[in-house]
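Examination of the molecular architecture
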Amino acid sequence: MTRESPYDRLLTRVRAGATVVNLASHEWQRVRGLALGLARDLGLPLRAWSQSAGLCALDERGRVEVLDEAATDPVEVLRGIVAAGPEMPAFAEGGAVLLMEDVHPFLDHHPVVRWVREACHVAQEPRRVVLLATLGGPLPADLAKEVPTVEIPLPGPDDLRRVLRAVAAEQGVGLAADDEPLIDAARGLTVMEARLAFGAAAVRLGHLGLAAVPEVAAEKKHVIRRQRALSFEEADATLDDVGGLERVKRWLSVRRLAFGADARAYGVEAPRGILLLGVPGGGKSLLARVVARSWRLPLLRFDPGAVFAGIVGESEQNVREALRVAEALAPCVLWIDEIEKGLSGVGSSGQTDGGTAARVVGTLLSWMQDRTAPVFVVATANRIDMLPPELLRKGRFDEIFFVDLPTAAERRQILAIHLRRRGRDPADFDLEGLAAATAGFTGAELEQAVREALVDAFAEGVEVADAHILASARATWPLSRTMGDQLDALRRWARARARMAGAGEPEALPARGGGVPVLRQEAANPFIPQAGSAGREA
Ligand SMILES: Nc1ncnc2c1ncn2[C@@H]1O[C@H](COP(=O)(O)OP(=O)(O)O)[C@@H](O)[C@H]1O
Ligand SMILES: [Mg+2]
């Protein structure tokens, strides 16, 4: 007996009259594939909405045409399809399949829920289907009753075969007549991971015959252990998960269009990359994941440190290969997290590496300068003093953004995001007061304060309130207090060389004093003497 495929389950629900279906998956490509299939089988046009792209039309090959970039409000779009009238031209012809991508952050807003429920009850004529693409968390209770969920499991052999053929065609390499062993080797991978595994084997061997099986199997091990120079990351964060950092967000949404095939045909050069520099916990890694998600590109993480891990002398070769694989998978986002660590690690370890580190840096830099494939590099760094100066030279990145501590307004946004993520309504909290009490806190520290407040309140058996957050914030010395001088230097440097990532003016840090600051990670370490017991300097 063959298992019912996710597509069969979707089609069954829709044939039974469901007008709204929840598709739960991290793999947006497959969700789009299902939506395309459904639209084709129903003979309806496919529209896709996401907050970052607005309202788009997808043709039968999945090519995207932006219809209304200003349609960023999910309520407006839901009303449009429910009305199926002249208010929204995209739905004026009546029937349509509407795919609402990354809609989960909106499903706790009352008006959105209300309009989703309206959509559940629209007439069958003209035929309208709304597909909610979510990451698989539970739906709010009042939607769960009305909206069926189709879970999308890992790809089956047929999906993997489709990926394999696509990779072979893109790379122009030959394929084994019997592809079963290759497909088996790739089982357990997501579609994107399978692409990486097949792509890497194709680049290395020049074919996808049977000799590629061990390559794919090895690649799978690496993907699973995530210890190689290149791995796929699930890009599960959207622009709404980022508080503040308005200037980067704006920069990115303008560049999104310039990255498409249309833009290339028009003669617009694809953006090359950005360097995000700033305090640890400021949301730099978060932004890297957001870029990939909102541009709908695969996210490849490149770990420059890992290229040194192999056999001595192979490091350069490893970098070249990783970069070639990234190019083979373009368009994609190549994320180099904490680039300063990877690029300075070997030289400082005191080993006689015969200039390997320098050559690896050189390889990476010249690739960044010369590459033509649309690979968008997002590099993050916490420190400038460890960065090779050549990296900062013009032409390597389109922009260098400095991620400063969040301003009071940004702290309010960040607190609201993390309260909402834990099912709390930010309106129940005094965000103003909390933001005032957390000057100098990074986004990560704000999240930590919210997380601990929940733990404390739960232990007390009460609902979490302002007081819990205030108490946990007071118990924290934010990193910025102990690295004040370092931060000042970073800010001075950034003012001259980088663009500010946030829209607000940076605040002065709260006055230091009140004893020896203890970092959270120090406080948690039982081997560090308690504050006051020794004249310890930060
Ligand atoms: N601006 C922000 N908005 C919302 N959450 C944030 C922000 N900055 C940090 N966070 C939270 O802190 C976590 C850690 O931040 P991260 O992106 O790893 O910081 P960095 O890479 O700059 O050190 C994030 O995953 C997110 O949950
Ligand atoms: Mg980081």
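Whatever comes next refers back to the structure up there.
Let me sum up the structure you'll find in this document. (Residues numbered from 1 in each chain as written. Chains lettered and ligands numbered in written order. Predicted model: local features only at pLDDT ≥ 70, side-chain atom pairs only at ≥ 80, totals over all residues.)

**Here we look at the overall build of the protein**
What counts is decided by this rule: Labels follow the DSSP assignment, with helices taken as runs of H or I lasting at least four residues and strands as runs of E lasting at least two, numbered in each case from the N terminus. Three exposure classes are used. Buried residues have 20 or more other C-beta atoms within 10 Å of their own C-beta, exposed residues have 12 or fewer, and partly exposed residues fall in between, all C-beta atoms being placed from the backbone. A residue pair is marked as a contact if its C-beta atoms, positioned from the backbone, fall within 7 Å.
Per the secondary structure count, the protein includes 22 helices and 16 strands. Here the protein, with 538 residues, has 44% of them falling under the buried criterion. Look at the contacts in the protein between residues 6 or more apart in sequence, and 76% of them connect residues 24 or more apart.

**So, the site of ligand 1**
Defined as follows: Residues are classed as near a molecule or strand if the C-beta position derived from their backbone is within 6 Å of it. Each residue is assigned to one class: nonpolar for Ala, Val, Leu, Ile, Met, Phe, Trp, Tyr, Cys and Pro, charged for Asp, Glu, Lys and Arg, and polar for all the others, Gly among them. Residue ranges for the domains originate in an automatic or database domain assignment.
Near ligand 1 lie 17 residues; those nearest to it are G283, K284, S285, G443 and A444. Elements with a minimum of two residues in the shell around ligand 1: helix 12 (284-295), helix 16 (408-421) and helix 18 (443-460). Of the residues assigned to the shell around ligand 1, the class counts are seven nonpolar, eight polar and two charged. Counting only domains with at least three residues in the shell around ligand 1, you end up with domain 3 (240-349 + 357-403) and domain 4 (408-476).

**Section: the environment of G484**
Mapped onto the elements, G484 comes out in helix 21 (residues 484-497). You can call G484 partly exposed: it has 16 C-beta atoms within 10 Å.

**So, the environment of L276**
Within the secondary structure, L276 is located in strand 11 (residues 273-278). Given 29 C-beta atoms within a 10 Å radius, L276 is considered buried. In sequence terms L276 and M500 are 224 residues apart; their C-alpha atoms lie 9.9 Å from each other. With residues up to four places along the chain from it excluded, the contact list for L276 reads K284, L287, V378, T380, F401, V403 and A501.

**Side note on unusual backbone geometry**
Note that the residue after E125, namely P126, is joined by a cis bond; omega there is -5°. As for its placement among the helices and strands, P126 is situated in the loop between helix 4 (110-120) and strand 6 (128-134). Even without being a glycine, R296 presents a positive backbone phi close to 60°. By the secondary structure assignment, R296 is in the loop between helix 12 and strand 12 (299-302). Overall, R296 belongs to the buried group, with 21 C-beta atoms counted inside 10 Å. With phi around 50°, E338 is a residue other than glycine that occupies positive phi space.

**Some details on the sheet that holds strand 7 (residues 149-151)**
Filter applied, for reference: Each pair of strands is called paired provided DSSP finds at least two bridges between the two strands. Note on geometry: axes are lines fitted to C-alpha atoms, helical ones only across the stretch in contact, with angles between N-to-C directions running from 0 to 180 degrees.
Taken in spatial order, the seven strands line up as 4-3-2-5-6-1-7 in an open sheet, and their pairing is mixed. Two strands lie at the open edges of the sheet, namely strand 4 (64-68) and strand 7, each paired on one side alone. Adjacent strand axes in the sheet meet at a mean angle of 25°, parallel and antiparallel pairs treated alike. In this sheet, strand 6 lies alongside strand 5 (residues 96-100) in parallel orientation, the contact comprising five bridges. Residue pairing for strand 6: L98 is matched across the bridge by V130.

**Some thoughts on the environment of D404**
Counting through the fold element by element, D404 comes out in the loop between strand 15 (399-403) and helix 16. Exposure remark for D404: the 25 C-beta atoms within 10 Å place this residue in the buried category. Residues D404 and G440, spaced 36 residues apart in sequence, show a C-alpha to C-alpha distance of 9.9 Å.

**So, the packing of helix 18 against helix 19 (residues 466-474)**
Filter applied, for reference: Should an angle lie under 35 degrees it is considered roughly parallel, over 145 roughly antiparallel, and from 65 to 115 roughly perpendicular; all remaining angles are considered oblique. Throughout, a crossing is termed right-handed when the near helix is turned clockwise from the far one, and left-handed when it is turned anticlockwise from it by less than a right angle.
One can describe the packing of helix 18 onto helix 19 by two numbers: an axis separation of 8 Å at closest approach and a directional angle of 120°. Comparing their axes, helix 19 and helix 18 come out oblique. As for how helix 18 packs across helix 19, the hand of that crossing is right-handed. For the pair helix 18 and helix 19, contact is made by A449, V450, E452, A453, D456 and A457 and by H468, I469, A471, S472 and A473, respectively. For the contact of helix 18 with helix 19, the class distribution of residues is seven nonpolar, two polar and two charged.

Any functional reading would require information beyond the geometric quantities listed.
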